[in-house]
Amino acid sequence: MRELLKSGGFAAELATAFDASPNPYVLVTPDLRIAGMNQAYLDITHTRRDAIMGQPLFGAFTAGPSDTAPENVRQVRDSLERARDTRQRDHLALVRFAIEVETPDGPVFEERYWSATHTPIIDANGEVIFVLQHTTDITELEHLRRNAARETSDVSELDAILSGAIIQRADQVQADNRRLEGERNRLVDLFMQTPGFAAVLSGPDHVFQMANQSYLRLIGRSDIIGKTIRDAMPDIAGQGFYELLDSVLETGEPYEGRSQRLELQRTADGPMETTYLNFIYQPIRNDAGQVAGIFVQGNNVTDAVMAAERQKLMIDELNHRVKNTLATVQSIAMQTARSHDDPQTFARSFQARLMSLSHTHNLLTNSHWEGADLHEVLDHETAAHGGGRISLNGPVVGLSPAVALSLGMIFHELATNAAKYGALSSGDGRVFVDWSVSDQRDRKLHISWRETGGPPIETPPSRRGFGSRLIERNVRHDLAGTITLDYERDGLTAEIIVSLDREAERASS
């Protein structure tokens, strides 16, 4: 202690009193190195100040030959660490430890019995800077008790006289405490390692006393112990969880939440994230039967909730698509029948349009109806007309299911028209399909279909056939877009513009 205090004034007097005390004291740092001691400690341990100053407490002394020395060292270390970590005084009623002493015949180990108290020294910031160990040597009392026990049959009476019963009780209490501490540590380990999230809150302000790793991962922060839930988790304000905890504390009735939505800000500058939880708020009662805290336990079921929502959306989408597909097939059949008097040509045309619809369905099925790529849709609808004669050029563009189905039908009609009347009807004809996406906030897809090298177009068609009407209906009604068809002498040009940021209008909606 003398080394830790400056000379002069009250500090010097305190250091002098500390050193003159007949009770042995030693001061250790949080990492259990000797930082100071008084003369009584040096006398009772038969050591010198300069020999042990700054040394690890358990390295400064030889444990001796006793086969119980490692266990005794563990007891003292655990007691010191408890005082340091809990910021509370900790007691050891009885511990056996050997001290090396010099004799005329050389150094020998002398077995001693001690009682110890460990007191944390806390600075103005609330940090533990030292732990003070106060020891009492009770070796003579223990030896006297044991000798008397061997010489008399009335052990209980003699133990009472010599305080042996007190030592026995203290020893038993200490053994029970060690057992309870071990059981507590095992329970804490189970609590910390449980896969579900768990936390313990105390008092009317719901102060965090414990929280396992799953809970900390859930909320995205670790510095919550000792804080109220309102201070530790301000991002959940207004979502009803504070009020639920208050209600459980007031009524003593547990609360169970199922697939309950929670918005969390897991990082300081990050966005709010949606999470779904199954959980229970279980009241914790004290010895008087009053609710003193709340045990929080539950599981993150976000993946399950999202999967169920996706499944429902897929079923709804499937039902809608089936209705739309049947309506489309019906429309194709009726319009194709009007355009073909011959059953054979009707069958060929009708089958081709159904196959086009089927091709796009296959693409969407492969992606679990999450969408399709524009290039893939074009490739499927034009591959039958010769890949070398159709040039596809544009960036990767993901299409929603509705847009993919509509564009699939449009490309099928354009390709069929080119094969029957346009560029693909002669050996030298070519088709160039280019597309791009605007960089504006409302992204628009621009598609240019340009035919060249086919039979010259002398005059535009005098009437619109079913193919033309189907193309215009899909662009304007289903896709809410625009289309321009120019029948130039060199070949047909179609300019199509649709929005990618807006859900396509559905025919049956």
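Some points on the nonpolar core
Across soluble globular proteins, nonpolar side chains show a tendency to be buried alongside one another. By size, the foremost hydrophobic cluster in this structure holds 32 residues, and its most contacted members are Leu374, Leu399, Leu407 and Leu445. For this core, the secondary-structure elements that each account for two or more residues are helix H13 (374–382), helix H14 (401–420), strand S14 (430–437), strand S15 (444–452), helix H15 (466–478) and strand S17 (491–499). Here this core gets 8 residues from one element, more than from any other, and that element is H14. In this structure, leucine 374 is in contact with Val397, Leu399, Leu407, Phe411, Trp435 and Leu445, ignoring residues within four places of it in sequence. Ranked by size, the runner-up nonpolar core spans 27 residues in total, among them Phe197, Leu218, Ile219 and Phe241.

Observations regarding the environment of serine 425
One can find serine 425 in the loop between H14 and S14. When the C-alpha positions of serine 425 and proline 455 are compared, they lie 7.8 Å apart, and in sequence the two are 30 residues distant. Once residues lying within four places of it in the same chain are set aside, the contact partners of serine 425 are Ala418, Ala419, Lys420 and Pro455. In this structure the side chain of serine 425 is engaged in a polar contact, spanning 2.5 Å, whose partner is the backbone oxygen of glycine 422.

Describing the sheet that holds S15
The strands making up a sheet associate through hydrogen bonds between their backbones, and the pairing can be parallel or antiparallel. The 5 strands lie next to each other as S12-S14-S15-S17-S16, forming an open sheet whose pairing is mixed. Edge positions in the open sheet fall to strand S12 (390–393) and strand S16 (482–488), since each of these has one partner strand only. Geometrically, the sheet is characterised by an average inter-axis angle of 10 degrees between neighbouring strands, direction not taken into account. Along the sheet, H14 makes contact with S14, S15 and S17, crossing S15 at roughly 10 degrees.

A closer look at the confidence of the model for the protein chain
The pLDDT averaged across the protein chain works out to 78; a share of 72% of its residues lies at or above 70. Within the model, the stretch residues 1–8 combines pLDDT values under 50 with 17 contacts to residues more than four positions away or in other chains.

Observations regarding the pattern of salt bridges
Taken as a whole and assessed by the stated rule, the structure comprises 14 salt bridges. Of the charged contacts, one joins arginine 87 and glutamate 127 as a salt bridge, the two residues approaching to 3.7 Å between their closest N and O atoms. Of this pair, arginine 87 sits in the loop between helix H4 (69–86) and strand S3 (90–103) while glutamate 127 sits in the loop between strand S4 (106–122) and strand S5 (128–137), and the two are 40 residues apart along the sequence. Given a relative accessible area of 44%, glutamate 127 falls into the partly exposed group.

Quick notes on a negative patch on the surface
Residues Asp486, Glu488, Asp490 and Glu495 make up a contiguous surface patch of negative charge. Inspection of the secondary structure puts aspartate 486 in strand S16.

What counts, and at which threshold
Residues numbered from 1 in each chain as written. Predicted model: local features only at pLDDT ≥ 70, side-chain atom pairs only at ≥ 80, totals over all residues. Heavy atoms only, no water. Core = buried A, V, L, I, M, F, W, Y, C linked by side-chain atoms within 4.5 Å. Buried < 20%, exposed > 50% of the residue type's maximum accessible area, 1.4 Å probe, protein only. Helix = DSSP H or I, 4+ residues; strand = E, 2+ residues; numbered from the N terminus. Contact = heavy atoms within 4.5 Å. Polar contact = N/O pair within 3.5 Å; in protein donor to acceptor, adjacent residues only side chain to side chain. Pairing = 2+ DSSP bridges. Axes fitted to C-alpha atoms, helices over the stretch in contact; angles between N-to-C directions. pLDDT = per-residue confidence, 0-100. Salt bridge = Lys/Arg side-chain N within 4 Å of Asp/Glu carboxyl O. Patch = residues over 30% accessible without salt bridge, like charges linked within 9 Å, V, L, I, M, F, W, Y side chains within 5 Å. Areas by Shrake-Rupley, 256 points an atom, 1.4 Å probe, with all protein chains shown as cover. Lys, Arg positive; Asp, Glu negative; His and termini not counted. Charge placed at Lys NZ, Arg CZ, Asp CG, Glu CD.

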